[in-house]
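# Descriptive structure summary
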Amino acid sequence: MADDPDRRGFLKAATTVLGGGLGIVIAAPALRMCVAPTNAQTVTTPTDPIDIGALERLKVGAPWQRVDVIAPVVKDAWTTAHDVPLGGAWVRRTADQKLQALSSVCPHLGCAVGFDGQTFLCPCHNSKWTDAGVLVPNTGPAQRDLDPLPIQIVDGRLRLTWVRYKLDTSAREPA
Amino acid sequence: MKERVTEWMAERVRALSEQTRLGVPGGPSLAYVFGWVIVMFLGVEAITGAALSAFYAPSTASAWASVAYVQDQVPLGWLVRGLHYHGTSALVIVTGVHLVQTAIWGAYKKPRELVWWLGLVLLVLVLGFAVSGYVLRWDQAGYWANHVEIGIAASAPLGATVKGFALGGNEYGNLTLTRFYALHVVALPGIALVMVGAHLWSSRMHGSTPRWGRDGLAPTKRWPRQTLRDVVAMAIAFAILLGYVISQHGADLASPADPAAAYDARPLWYFRWLFELRHLAGSYERIAAMIAPVIVGGFLVGLPLVDRGPDRSPMKRIPWVAAVVGLFALIGVLTFMSFSQDQGDVALAKRDEAAELLASRARALAVKNGVPISGAQDVFKTVPMYTARSIFEQKCKGCHDARSKDRKGPIIGAGHGNRAWFEAFLRAPSSDPFWGHTKIGPTDDAMKPVELTPAELTDLTEVLYAQSGAGDADATKVARGKALFDKACTDCHSLDEGVSGGGGPGLGELGSRDWYTSFISNPKKAIHMGKLGEMPRFDGDLTITERDALAGYLVWLRTASQADLDKLGPL
């Protein structure tokens, strides 16, 4: 009876299915938990404009000036932190009173872009941009101009909206 | 193709398949399943542990926060954490059953002594996992339980060194967590892997032990009939664990570890017998806590050495079987006593209830506001206006809260300083909610009720209300009110900023944040209550930041309703 091949075959199949099923049931919650953060917004940074100082700090017609963009509150998974640096921006007021801001994040791979008085230069792969933030062709791997950031004046204070864009693309899309 | 694959596999797993062929003596039996159920639970611990380690942050500031995040915010995090935590209980239970069965069957007898000893090492490892894992959550329960455990270890010879090594220095801190974490996820699993391997290998070498009196029966193949029984047992055992974990919604988590707050620390349930033994031992508790495990351990280790002879029938080994069963029965009784003692303790139940309330508040705040990077304890400070409200609670409530038994001043609550409040005050300054409980209230020094028509009273209210800078003041009413004020009030009061009246307080900017700060700093200043003032000054007691925060809270109260106040939640 016990050695009936049909029965043995059934027992083998039942054991394999049950054992495999048990393994899946045990592993599934752990896997679900581990992939959960993949597409979740685990770090929350402010989407509304951030105060970056008084308007007076920008002289009309002066060269680009670097400012730190500091978020008042950042929620990062389980913590809430205050006054967290998000990144830098280059800002200026042109001779015709236009307010401009460029993200200092290189559109190639995200290094911090510097300004030497005439041109913007990325220290990582030597991409260059003109004084207007326009990409200088054949200088480096960056595929687009520096990313402008929305900036406005509220009650004499500069307010900048921090946006991260997708890296290493020629089109500019929010990340 | 299929043959070649099978052959390739067969060559490489020959050793294993030969083992499988060794088989089970006397045919498949449910009696042989316990070892594999233990292996399954160890697998559950390994898998859930790996997942949890991807979320856990071992530092005093972040440990609790990351565990609370897993428990309350990560999808299925509660389930994984619950399986990991309660899985240890399951391991202890099944290991205990496995051990008792082995002892009753005499399966530790020659030549299987090594298998027995390796099994005991595994039991100790499971307990080591439990101790090192419980502190990692860094909540009140784990933190204080660890104090007790380390305290016992510290009272043993060389205890101070052991304690310093375990804690990573002189005190509980970041190194305590990183060290217990390393122990829990690297050292112990490494040792356990070797020990499980050795235990399995040695037990397979000797084959399963049949029931007494059935020695010499021809072994039958393990696969698939015994394997099916193993797998069914695993599935049932896991289903029970899963059901329990779901019913408990994972594992509990107390409020963040707080070195300053007392907590009724209780060891994990499988250590409760030792806990009870310490109670019973009274002043000999330290000795009991150290000696008892040594005796129990020594007895179990020595069992194969003293219970010799080939006969495995329990009937022929009554003293030994009785000793093992008696030992576990004693452990069971002590465990029961410990729990029933707590059950009857009304005061303890009350403290536990308070602790649970605190825990649920901490966790709700962690979900809502996140945990400050300064530490998990500060999660309580993320409630709105925490600084001001806690100061109010400590410094102001006694004299100003409506429910206070010995109130000495006006009631301060929702709507304090709004239009209705001013109007009621003007009608009856010395009534109960206002100066009724003050020293000047009943005297001639107190302000007399204002006698005006209702319309005039509204206008006068408006000019006083407008002092705070409230944006919704009606300019027309203010102008009319100002005329009334100049006629009726200027004998004692002034509305000019920084000017005191003639005997009464100056009312310029009354109810603004700056005015409150100034008043709280020194109510006896001439511009405020002067000599009539009864309230003490707080510029020495509270920093300017604290006074300003308190002033902000009082300004907020003006527009707040009781519902708004309730919505702030408890401190």
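Our structure is the block above this text.
For every chain, the first residue of the written sequence is number 1, and numbering continues from 1 along that sequence. Lettering of chains starts at A and numbering of ligands starts at 1, both following the order in which they are written. Predicted model: local features are reported for residues with pLDDT of at least 70 only, side-chain atom pairs are reported and counted for 80 or more only, and whole-chain, interface and lining totals are derived from all residues.

## Details of the overall build of chain B
For clarity, the threshold we go by: Secondary structure is summarised from DSSP: a helix means a run of H or I of at least four residues, a strand means a run of E of at least two, and numbering begins at the N terminus for each. Note that the radius of gyration is over C-alpha atoms, with the globule rule given as 2.2 Å times the number of residues to the power 0.38. Backbone-placed C-beta atoms define the burial measure: a residue is buried with 20 or more other C-beta atoms within 10 Å of its own, exposed with 12 or fewer, and partly exposed in between. Whether two residues are in contact depends on their C-beta atoms, placed from the backbone: they are in contact if these lie within 7 Å.
A tally of regular secondary structure across chain B gives 21 helices and 3 strands. The C-alpha atoms of chain B give a radius of gyration of 36 Å, which is well past the 25 Å a tight globule of 571 residues would have. Each principal axis of the C-alpha distribution contributes one length, and for chain B these read about 115 × 65 × 40 Å. Residues counted as buried form 34% of the 571 residues belonging to chain B. Looking at chain B alone, contacts between residues at least 24 apart form 68% of all its contacts between residues at least 6 apart.

## Here we look at the interface of chain A and chain B
Quick note on the threshold: Throughout, the ten residues Ala, Val, Leu, Ile, Met, Phe, Trp, Tyr, Cys and Pro are labelled nonpolar, Asp, Glu, Lys and Arg are labelled charged, and all others, Gly among them, are labelled polar. Strand pairing is assigned whenever DSSP identifies at least 2 bridges connecting the two strands.
Taken together, the contact between chain A and chain B spans 23 residues of the former and 33 residues of the latter. For the side of chain A that touches chain B, the elements supplying multiple residues, two or more each, are helix H1 (5-35) and strand E4 (79-93) of chain A. Here the element with the most residues in the side of chain A that touches chain B is H1(A); it accounts for 15 residues. Residues belonging to the side of chain A that touches chain B are distributed by class as follows: 15 nonpolar, 4 polar and 4 charged. Pairing between E4(A) and strand E3 (residues 371-372) of chain B: 2 bridges, direction parallel. Pairing of Thr80(A) across the sheet is with Pro372(B), part of E3(B).

## Describing the nonpolar core
The following threshold applies: Residues enter a nonpolar core if they are buried, belong to Ala, Val, Leu, Ile, Met, Phe, Trp, Tyr or Cys, and are joined to the set through C-beta atoms within 7 Å.
Formed by 79 residues in total, the largest nonpolar core has its most connected members in Val37(B) and Phe41(B). Once residues lying within four places of it in the same chain are set aside, the contact partners of Val37(B) are Val94(B), Ala233(B), Met234(B) and Ala237(B).

## As for the pairing of E4(A)
All names here are of chain A. When strand E3 (residues 65-76) meets E4, the two strands line up antiparallel, connected through 11 bridges. Opposite Gln65, over in E4, you have Val91 as the bridge partner. Hairpin remark: E3 followed by E4, antiparallel, with 2 residues in the connecting loop; positive phi at Ala77, about 50°. The sheet contact formed by E4 and strand E5 (residues 99-103) spans 5 bridges and is antiparallel. Bridge pairing links Val91 to Ala101 in E5. Hairpin remark: E4 followed by E5, antiparallel, with 5 residues in the connecting loop; positive phi at Gln97, about 70°.

## Side note on the sheet that holds strand E11 (residues 157-160) of chain A
All names here are of chain A. Note the following rule: Here an axis means a line fitted to C-alpha atoms, over the contact stretch when the element is a helix, while the angle between two N-to-C directions is reported on a 0 to 180 degree scale.
An order of E2-E11-E10 is seen for the 3 strands of this open sheet, with the pairing classed as antiparallel. The two strands at the open ends of the sheet, each matched to only one other strand, are strand E2 (50-54) and strand E10 (151-154). Shown here is a sheet whose adjacent strand axes are inclined to one another by a mean of 35°, direction ignored. Bridge count between E10 and E11: 4 bridges; the pairing is antiparallel. Counterpart to Ile151 in the pairing with E11 is Leu160.

## Here we look at the sheet that holds strand E9 (residues 135-136) of chain A
Hydrogen bonds between backbone atoms are what pair the strands of a sheet, whose relative direction is either parallel or antiparallel. All names here are of chain A. The 4 strands are arranged E6-E7-E8-E9 in an open sheet whose pairing can be described as antiparallel. At either end of the open sheet lies a strand with only one pairing partner, and these are strand E6 (114-115) and E9. Two strands pair when backbone bridges link them, and E6 and strand E7 (residues 120-121) are joined in this way by 2 bridges, in the antiparallel orientation. Residue pairing for E7: Phe115 is matched across the bridge by Phe120.

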